[in-house]
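Take a look at the letters that make up each chain.
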Amino acid sequence: MIQSFDITIRIHHFFDIIREFATKENIPALDSYKHSYHSVAHQIRDNNSLRLKLVLETDAVCRGCIYNIELGCMDTLTRKKGFALKNDYNDYLDRRILEACQLSLGQILTPKEICQTSDKYIQNMEYIYAIDTDAKTAIRKEEFIKGLINYSDWHSIPLNLNLI
């Protein structure tokens, strides 16, 4: 049986969007990239039943981006040791997140379902972001937890906060 889905998403994009909800409900468009991050964020914000297909490729967020080409993201990186292209770093990051969270490529989940299992993401952030500084990872974790709590409050999603 083929499951239907509403949009494709890289798992790091999902967690980045939830982190954004720590400080704001509306995420503005970034004219410099022209990607669809803001519109995907609004869909996730407004619909916790949205069916998201987890991918390791160009996703709904990448739509319209000036760096998005057939091979993936051709944006360059200067601050990620060992990665010259954002696409390579994104693949590395997504694989680590999928592994740590025990998720699979092609899996279809709702934002609610991902949020309810995000304790694995939180508990493994040091592993996932091993190439970042501890201080940067700590800030990311704090912002993510705030965003997760805001999102869960907006949608009455029960979370196991003992694990956070």
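Look a little higher up for the structure.
Report follows, based on the coordinates. The structure displayed is predicted, hence computed values, not measured ones.

Glancing now at the pattern of salt bridges. Scanning the entire structure with this criterion turns up ten salt bridges. When the shortest N-O distance is used, the salt bridge between Arg-140 and Asp-16 registers 3.3 Å. Note that Arg-140 is positioned in helix α7 (residues 134-155) and Asp-16 in helix α1 (residues 11-20), a separation of 124 residues in sequence. Relative accessible area serves as the criterion here: at 13%, Arg-140 is assigned to the buried category. On the basis of relative accessibility, which here comes to 16%, the residue Asp-16 falls in the buried class. Measuring nitrogen to oxygen at the nearest pair gives 3.3 Å for the salt bridge that ties Glu-142 to Lys-146. Of the two residues, Glu-142 and Lys-146 both sit in helix α7, four residues apart, roughly one turn of that helix.

Moving on: the packing of helix α2 (residues 37-46) against α7. Interaxial distance between α2 and α7 falls to 10 Å at its minimum, and their mutual angle equals 50°. Taken together, the axis directions place α2 and α7 in an arrangement best described as oblique. Counted together, Ile-44, Arg-45 and Asp-46 of α2 and Tyr-151, Trp-154 and His-155 of α7 form the full contact between these two elements.

By secondary structure assignment, the location of Thr-23 is in the loop between α1 and α2. The exposure class of Thr-23 is exposed, given its relative accessible area of 69%. For the pair Thr-23 and Gln-123, spaced 100 residues apart in sequence, the C-alpha to C-alpha distance is 22 Å.

Here helix α3 (residues 86-101) spans 22 Å end to end across 16 residues, near enough to the 22 Å set by a 1.5 Å rise per residue. Every buried residue belonging to α3 is among Asn-87, Tyr-89, Asn-90, Asp-91, Leu-93, Asp-94, Arg-96, Ile-97, Leu-98, Ala-100 and Cys-101, and all of these are buried. Residues of α3 that are buried make contact with α1, β2 (52-54), β4 (72-73), α5 (119-123) and α6 (125-128). Of the residues trailing α3, Gln-102 is marked for its positive phi of about 55°.

With that out of the way, let us pick up the packing of aromatic side chains. All told, the structure shown has eleven aromatic pairs when counted by the stated rule. Seen in terms of ring centroids, Phe-83 and Tyr-89 are 5.5 Å apart; in terms of plane orientation they differ by 70°. Their pairing is edge-to-face. Note on Phe-83: relative accessible area 17%, which makes it buried. Residue class for Tyr-89 comes out buried when judged on its relative accessible area of 7%. Summarising the aromatic geometry, the rings of Tyr-121 and Tyr-129 are spaced 6.3 Å apart at their centres and angled 80° between planes, so their arrangement reads as edge-to-face. The ring of Tyr-127 is capped by Arg-96, whose NZ or CZ atom sits 3.9 Å from the centre of that ring. When the ring centre of Tyr-129 is taken as origin, the NZ or CZ atom of Arg-140, which lies over that ring, is 4.2 Å away.

Calculation criteria
Residues numbered from 1 in each chain as written. Predicted model: local features only at pLDDT ≥ 70, side-chain atom pairs only at ≥ 80, totals over all residues. Heavy atoms only, no water. Salt bridge = Lys/Arg side-chain N within 4 Å of Asp/Glu carboxyl O. Helix = DSSP H or I, 4+ residues; strand = E, 2+ residues; numbered from the N terminus. Buried < 20%, exposed > 50% of the residue type's maximum accessible area, 1.4 Å probe, protein only. Axes fitted to C-alpha atoms, helices over the stretch in contact; angles between N-to-C directions. Parallel < 35°, antiparallel > 145°, perpendicular 65-115°, else oblique. Contact = heavy atoms within 4.5 Å. Expected span 1.5 Å × (residues − 1). Phe/Tyr/Trp six-rings, centres within 6.5 Å; stacked < 30°, edge-to-face > 60°. Lys NZ or Arg CZ within 6 Å of the ring centre and 35° of its normal.

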